[in-house]
Amino acid sequence: MGGNDVIVRVAGAAGDGVQSAGQIIAKTFSRMGLHCSTYNYYQDIIRGGESWYQIRASGNPVRSQGDGLDILIALNRDGVERHTNPDINEGGAAPLSANGVAIYDEKISISRSQNCGCAPVPLSELAQKYSRNPLVRNTVAIGAAIASLQIPFDTLAGVIRENFSSKGEVAEQNVNAARAGYDYFLKNYKPIDVSLKTSERKKYLIQGGEAVGFGMVAGGLKFYVAYPMTPASSALHFLASHSRKYGVAIKVPEDEISAINMAIGANYAGARAATGSSGGGFSLMVEAVGMAGEMEIPLVVYESQRAGPSTGLPTKTEQGDLNLVFGAGQGDFLKIILAPRNVKECFTLSREAMNLAEYYQTPVFIVNDLYLAEKYETVDDFELGSFSIDHGKRAQDGEEDYKRYLDTPDGISPRAIPGQPGLMHNEDSDEHNEYGDVVSDAVTNPDDRVKMVNKRMRKFKTYIENMPPTPTYRLSDAEYAVILWGSTAGVVEEAIDILREKGHRVGAIEINRVFPLNPDIGDLIKGRKKLIFVENNYSGQFERLFRSEFLVETFSVRKYDGEPFYPGALANSIEEIMKG
Amino acid sequence: MSDIVLKVSDYQGRVKPDWCPGCGNFAQLTAIKSALASLGIEPKDVVIFSGIGCSSNLPEFIKTYGFHGIHGRALPVATATKWMNPELTVIAYGGDGDGYFEGTQHFYHTAKRNPNITYMVSDNQIFGLTTGQASPTSELGFVTKTTPDGNIEPPVNPLTFALTAGATFVARGFSGDPKHLAEITREAIKHDGFSFIDVLSPCVTFNKLNTYDYFKKRVYRYESDNLEDFYAAYRAVQEWGDRIPTGIFYRVKRNKYEDVDPILSSKNLVHSEPAHITEKDLEEFL
């Protein structure tokens, strides 16, 4: 807090425009060349309830929503009281800090808190000068918040103009309202004490779910078919709104069963396709996952987790679907599970998933969670040059004696797609021989069965040999290794920095390729005093999977209240285990 | 479709059908082959999709591209393949359990979408592969392994269902009249939209009620000079008892999903290049 790092929180009710206000602030930060990331705390309701949206910005990369709160914009009384209360109970979020500032409508009468600087602003009164829309008071508040950070008004004005560009005079009304809030703050209050290190380098601000959809497009996606479900829908919405631009067909079918079967049908035809859902919808897809495994059809599934079981907490985060994804589909086959660690990796891993699915002719999962799917984060570089489409092995037209499931040393057989001359064959969800003829009906052929299982499972070895090294953080001299998967990477890194400051030799092993696991992990864990697993679930789903591979003693930090980890509290939990 | 002269034997599959001797499915296999041959559609341009059941083994027994998937799901897979590559002739095929129980939702919505595919159902009014349990088209009172006191649930009428859902070609065939079935199949494949054929297909092993003799006494060829009359079709397909009509009941032209969808109508997605992302595409995130 202070210095080169600031946290702004907008609090109100659903329908108050909390999220829109937060996004304008985030965009203003990224336009300043600052790193930033957002956190969306909301409920399963369209109007009312309690919600807030937090933006953290810094000259350095922002890895989590962070501890502390510097600027509070409260759009109702509940917002002021809740977020200035030292006993705030929001899953780990901090109350407004002692030298922070609370911006709220002066019509809200509160007893002045001793914990923070109160900065009432006549939000509604100033807004009314420019617009009859009551939500314009949010823009006044944004203006005040930007003033408190001494950010030049023009940057904000540019973002506002763009945001309302399709709404005619509304844009200038909002710019004027923001200006009024900006001037009012500077006239009546002192700016807060920060010095954000801005940069000339361009920053892209993109949401995790959008980055998944965008990554799939970059990976050659031609058809996305999904039934809406939070928090997977942000990818669907991105793709639907970019369908014409990128020539990607979009379909919302009758159910998730149809969705995954359509994705399989498109991939079978030879067009890259994907589906997506959260745990509930993905549960309906499970049978077809096995089909893609048996028939060796490329398939990409985006599984964006929220807190379960069943409907669970629809707007809250959890890493609770790993068992489901890991166990999806009867029998044994290569199933690749990827878990992005940040928004940039939502892009790069989703892009790569499209190649992996076709190369290995098997289902590939991008397992995300609500926390990361709904987070906006700045990205410096999408590494566009580092990728090219690889269709893997394809049969040549008219090939003699074509065998769709040819037994090969790497387990991968050349595919033929419908329309290719001379390669007609049957692909079958029944066990089959190399030609695709069923070996389970009239006569079961145990030799063919074993040959096909071995062929498919040989793809494991091929995949593992081609895996890139497992990412680590400050691990080389670490006595203690924290092991995480997916979206918790950022917060774990911050916790490790806190612990390093205190003199602990601790580092992290960051798993973004969850299954199969890279054997290089065996070397990374060697000689560590303790292996500490950090997971957003109750039972340590990844920890169990890991132990089944590496047979080691493990320790755990787990959180399952629907909220993400916070760095300070996480550092404390890790420290307790190290000392214990 | 081309000028190449094709014979039924050009579609001879690698594997000999393993259906019981006398099974109604044989007539359907022959009908599909002869319809494709007479239309001049080359084996490489045909994909046959199926689910699970005795009938669903058919893709193995014909030399085209074949996709033998999972129970009830042939239609969504078939639809997507057709959408991605409209040059292909796509047929979905399965049984009454597969299509009218497990896959009901797909049947309804596929008919509504009207993709240019053909759906043929081998309707034997019983579960065959699982050795004789009541199916969605089993008659009231029908005694099976799962209905020892007789079936108490009335059968569905797949033809009224298809009409209600918006199918643009609705027909019924009978495996005991293979010539008529082949004619209907040919018309169905030719139809520009979703064509549906329910085929009365006696199960010689497990259905001792709805036999060839049972149908031969009842079946007649339906004729109409106005196949676009929805209400006439709706009335006709409800006749079931002493007389059972077969033939084409309904045939209309309506927009196909792929005619209207902006992407699907503009290109063959299999044979076109994917989007290439450049630095310029990143600007929207600045």
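Report follows, based on the coordinates. (Residues numbered from 1 in each chain as written. Chains lettered and ligands numbered in written order. Predicted model: local features only at pLDDT ≥ 70, side-chain atom pairs only at ≥ 80, totals over all residues.)

### Focus: the overall build of chain B
Now for step 1: Tallying secondary structure elements over chain B gives nine helices and eight strands in all.
Now for step 2: The C-alpha radius of gyration computed for chain B amounts to 20 Å, which stays within 12% of the reference 19 Å derived for 286 residues, consistent with globular compactness.
Now for step 3: Taken along the three principal axes of its C-alpha coordinates, chain B extends 70 × 40 × 40 Å.
Now for step 4: The buried share of chain B, reckoned over its 286 residues, is 53%.
Now for step 5: Counting only contacts in chain B whose residues sit at least 6 apart along the sequence, the fraction spanning at least 24 positions is 71%. (Helix = DSSP H or I, 4+ residues; strand = E, 2+ residues; numbered from the N terminus. Rg over C-alpha atoms; globule rule 2.2 N^0.38 Å. Buried ≥ 20, exposed ≤ 12 C-beta atoms within 10 Å, placed from the backbone. Contact = placed C-beta atoms within 7 Å.)

### What about the interface of chain A and chain B?
Now for step 1: Between chain A and chain B, the contact holds 52 residues from the first and 47 residues from the second.
Now for step 2: Mapped onto the side of chain A that touches chain B, the elements with two or more residues apiece are β7 (204–207), α7 (208–218), α9 (243–246), α10 (256–269), α11 (279–295) and β15 (426–428) of chain A.
Now for step 3: The element contributing the most residues to the side of chain A that touches chain B is α10(A), with nine residues.
Now for step 4: Here the side of chain A that touches chain B is built from residues that sort into 29 nonpolar, 11 polar and 12 charged.
Now for step 5: Sheet topology places β15(A) next to strand β2 (residues 65–68) of chain B; three bridges connect them, and they run parallel. Bridge assignment links Glu427(A) to a residue of β2(B), and that residue is Phe67(B). (Nonpolar A, V, L, I, M, F, W, Y, C, P; charged D, E, K, R; others polar. Pairing = 2+ DSSP bridges.)

### Observations concerning the sheet that holds strand β19 (residues 513–515) of chain A
Residue and element names in this part refer to chain A.
Now for step 1: Across the sheet, which stays open at both edges, the seven strands sit in the order β9-β8-β10-β11-β13-β12-β19 with mixed pairing between neighbours. Taken across any chain shown, the strands that pair with only one partner, and hence form the sheet edges, are β9 (249–251) and β19. The sheet shows a mean angle of 20 degrees between the axes of neighbouring strands, direction not considered.
Now for step 2: Sheet topology note: the strand β8 (residues 223–225)/β9 ladder contains three bridges and is parallel. What sits directly across from Phe-223, in β9, is Ala-249.
Now for step 3: Each of β8, β9, β10 (273–277) and β11 (299–305) touches α10; the most contacted strand, β10, lies at about 160 degrees to it. (Axes fitted to C-alpha atoms, helices over the stretch in contact; angles between N-to-C directions.)

### Regarding helix α18 (residues 541–550) of chain A
All names here are of chain A.
Now for step 1: Those residues of α18 that fall on the buried side of the exposure criterion are Gln-541, Phe-542, Glu-543 and Phe-546.
Now for step 2: Looking at the buried positions of α18, the neighbouring elements they touch are α12 (322–327), β17 (480–485), β19, β20 (530–535) and β21 (555–558).
Now for step 3: Of the residues flanking the end of α18, it is Leu-551, one or two places downstream, whose phi is positive at about 50 degrees.

### Re α7(A)
Residues and elements named next belong to chain A.
Now for step 1: Of all 11 residues in α7, 11 are buried; the element is thus mostly enclosed.
Now for step 2: Taken together, the buried positions of α7 are Gly-208, Gly-209, Glu-210, Ala-211, Val-212, Gly-213, Phe-214, Gly-215, Met-216, Val-217 and Ala-218.
Now for step 3: Following α7 by one or two positions, Gly-220 adopts a phi angle in the positive range, close to 95 degrees.

### Things to note about the sheet that holds strand β4 (residues 118–123) of chain B
Now for step 1: The mixed open sheet is built from nine strands, whose spatial order is β15(A)-β2(B)-β1(B)-β3(B)-β4(B)-β6(B)-β5(B)-β8(B)-β7(B). Where the open sheet ends on each side, the last strands, each with one partner, are β15 of chain A together with β7 (219–221) of chain B. Neighbour-to-neighbour, the strand axes of this sheet turn through a mean angle of 20 degrees, independent of strand direction.
Now for step 2: In the packing of helix α5 (residues 158–165) of chain B onto the sheet, contacts are made with β4, β5 (169–174), β6 (195–200) and β8 (244–251) of chain B, and the angle to β5(B) comes to roughly 165 degrees.

### Remarks on the environment of Val514(A)
Residue and element names in this part refer to chain A.
Now for step 1: Mapping Val-514 onto the fold places it in strand β19.
Now for step 2: Spatially, the C-alpha atom of Val-514 lies 42 Å from that of Glu-81, the residues being 433 residues apart in sequence.
Now for step 3: Other than its neighbours up to four places away in sequence, Val-514 contacts Leu-322, Ile-337, Leu-338, Ala-339, Val-367, Trp-485 and Phe-542.

### Observations regarding unusual backbone geometry
Residues and elements named next belong to chain A.
Now for step 1: Omega for the peptide link from Thr-230 to Pro-231 comes to 0 degrees, which places this bond in the cis form.
Now for step 2: Mapped onto the secondary structure, Pro-231 falls in the loop between β8 and α8 (233–241).
Now for step 3: Cis peptide bonds are those with omega within 30 degrees of zero, and the linkage from Phe-515 to Pro-516 qualifies with -10 degrees.
Now for step 4: On the secondary structure map, Pro-516 appears in the loop between β19 and α17 (521–525).
Now for step 5: A positive phi angle is found at Ser-310, which is not glycine, with a value near 50 degrees.
Now for step 6: Structurally, Ser-310 can be placed in the loop between β11 and α12.

### With respect to the environment of Arg244(A)
Now for step 1: Looking at the element boundaries, Arg244(A) is found in helix α9.
Now for step 2: Taking the C-alpha atoms as reference points, Arg244(A) and Gly213(A), 31 residues apart in sequence, are found 14 Å from one another.

### Considering the nonpolar core
Now for step 1: Grouped together as the largest cluster of nonpolar side chains are 248 residues, with contacts concentrated most on Ile103(A) and Val170(B).
Now for step 2: Here this core takes 10 residues from helix α13 (residues 343–360) of chain A, the largest share from any one element.
Now for step 3: Not counting the four nearest positions on each side in its chain, Ile103(A) is found in contact with Ile71(A), Leu72(A), Ile73(A), Ala119(A), Val121(A), Ala141(A), Ala144(A) and Ala145(A). (Core = buried A, V, L, I, M, F, W, Y, C linked by C-beta atoms within 7 Å.)

### Points about the pairing of strand β14 (residues 376–379) of chain A
Residues and elements named next belong to chain A.
Now for step 1: Here β14 shows two buried faces, one formed by Tyr-376 and Thr-378 and the other by Glu-377 and Val-379.
Now for step 2: Where β7 lies against β14, four bridges are found, and the strand directions are antiparallel. Considered in β14, the bridge of Tyr-204 is made with Val-379.

### Let's talk about the packing of α7(A) against α13(A)
Residue and element names in this part refer to chain A.
Now for step 1: Between α7 and α13, whose axes approach to 7 Å, the crossing angle comes to 30 degrees. For the element pair α7 / α13, the angle class is roughly parallel. Crossing geometry of α7 relative to α13 is assigned as right-handed. Across the interface between the two elements, Gly-208, Ala-211, Val-212, Phe-214, Gly-215, Met-216 and Ala-218 from α7 touch Val-343, Cys-346, Phe-347, Thr-348, Leu-349, Ser-350, Arg-351 and Met-354 from α13.
Now for step 2: A class-by-class count of the residues in the contact of α7 with α13 yields 10 nonpolar, four polar and one charged. (Parallel < 35°, antiparallel > 145°, perpendicular 65-115°, else oblique. Left-handed = near helix turned anticlockwise from the far one by under 90°.)

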